[in-house]
Amino acid sequence: MSCLPYAEGDKPTIDPKCCTRLQNLVATATSKDDKVTTCHCLEDAFQKFPAIQDQYMKAIPNLCNLTVPFPLSKKMKCDK
């Protein structure tokens, strides 16, 4: 939820809590199955928030200085 204000374009800067939570999420997804499951979970969550804008979602890992094993997007390709 801490990423939503930025992802929806409501705030010009990202909440540091968003970065911390994303970092923790990425750190727990170590195996390929974990990564696919995490991706599907995020994909499902993003669909519940129609105001999320892809250009902001895609920018979050870079703003947080993180490498995420899948692109953050409303149309994620989790099985690739």
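Under the annotation held in an unreviewed UniProt entry, the chain carries the name Non-specific lipid-transfer protein and is attributed to Linum tenue. You can read under Function (unreviewed entry) in the UniProt record for the chain the words "Plant non-specific lipid-transfer proteins transfer phospholipids as well as galactolipids across membranes. May play a role in wax or cutin deposition in the cell walls of expanding epidermal cells and certain secretory tissues."

> Explain the overall build of the chain to me, please; I cannot follow it from the model alone.
Looking only at helices and strands, the chain features four helices and zero strands. Walking the chain from its N terminus toward its C terminus, one meets helices and strands in the order α-α-α-α. Oriented by its inertia axes, the alpha-carbon framework of the chain measures out at about 35 × 25 × 15 Å. By sequence separation, contacts in the chain at least 24 residues apart represent 68% of the contacts at least 6 residues apart.

> Which parts of the structure should I look at to understand the packing of aromatic side chains?
How two aromatic rings sit relative to each other is set out by the distance from centre to centre and by the angle between their planes. Considering all chains together, one arrives at one aromatic pair under this definition. Their ring planes at 75° and their centres at 5.3 Å tell us that Tyr6 and Tyr56 sit as a pair that is edge-to-face. With Tyr6 in helix 1 (residues 4-7) and Tyr56 in helix 4 (residues 54-63), the pair connects residues that are 50 residues apart, well separated along the chain. By relative accessible area, Tyr6 is classed as buried at 9%.

> I keep staring at the nonpolar core and nothing clicks. Help me out?
In globular proteins that are soluble, nonpolar side chains generally tend to be buried together. Judged by nonpolar contacts, the single largest core of 20 residues is most densely connected at Ile14, Phe46, Met57, Ile60, Phe70, Leu72 and Met76. Residue assignment for this core shows that the elements contributing at least two residues are helix 1, helix 2 (16-28), helix 3 (32-47) and helix 4. Each residue touching Phe70, except ones within four places of it in the same chain, is listed here: Lys35, Thr38, Cys39, Leu42 and Met76.

> What should I look at first to understand the side chain of Ser2 in this one?
As for its placement among the helices and strands, Ser2 is situated in the segment before helix 1. Polar side-chain contacts of Ser2 include one of 3.2 Å to the backbone nitrogen of Cys18. Among the polar contacts made by the side chain of Ser2, one reaches the side chain of Arg21 at a distance of 3.3 Å. Setting aside residues no more than four positions away along its own chain, Ser2 makes contact with Asp15, Lys17, Cys18 and Arg21.

> Sorry if this is basic, but what is going on with the side chain of Glu43 here?
Among the structural elements, Glu43 can be located in helix 3. Beyond its immediate stretch of four places on either side in the chain, Glu43 contacts Met76 and Cys78.

Conventions and cut-offs
Residues numbered from 1 in each chain as written. Predicted model: local features only at pLDDT ≥ 70, side-chain atom pairs only at ≥ 80, totals over all residues. Heavy atoms only, no water. UniProt positions renumbered as here; feature names shortened; annotations may be inferred. Helix = DSSP H or I, 4+ residues; strand = E, 2+ residues; numbered from the N terminus. Contact = heavy atoms within 4.5 Å. Phe/Tyr/Trp six-rings, centres within 6.5 Å; stacked < 30°, edge-to-face > 60°. Buried < 20%, exposed > 50% of the residue type's maximum accessible area, 1.4 Å probe, protein only. Core = buried A, V, L, I, M, F, W, Y, C linked by side-chain atoms within 4.5 Å. Polar contact = N/O pair within 3.5 Å; in protein donor to acceptor, adjacent residues only side chain to side chain.

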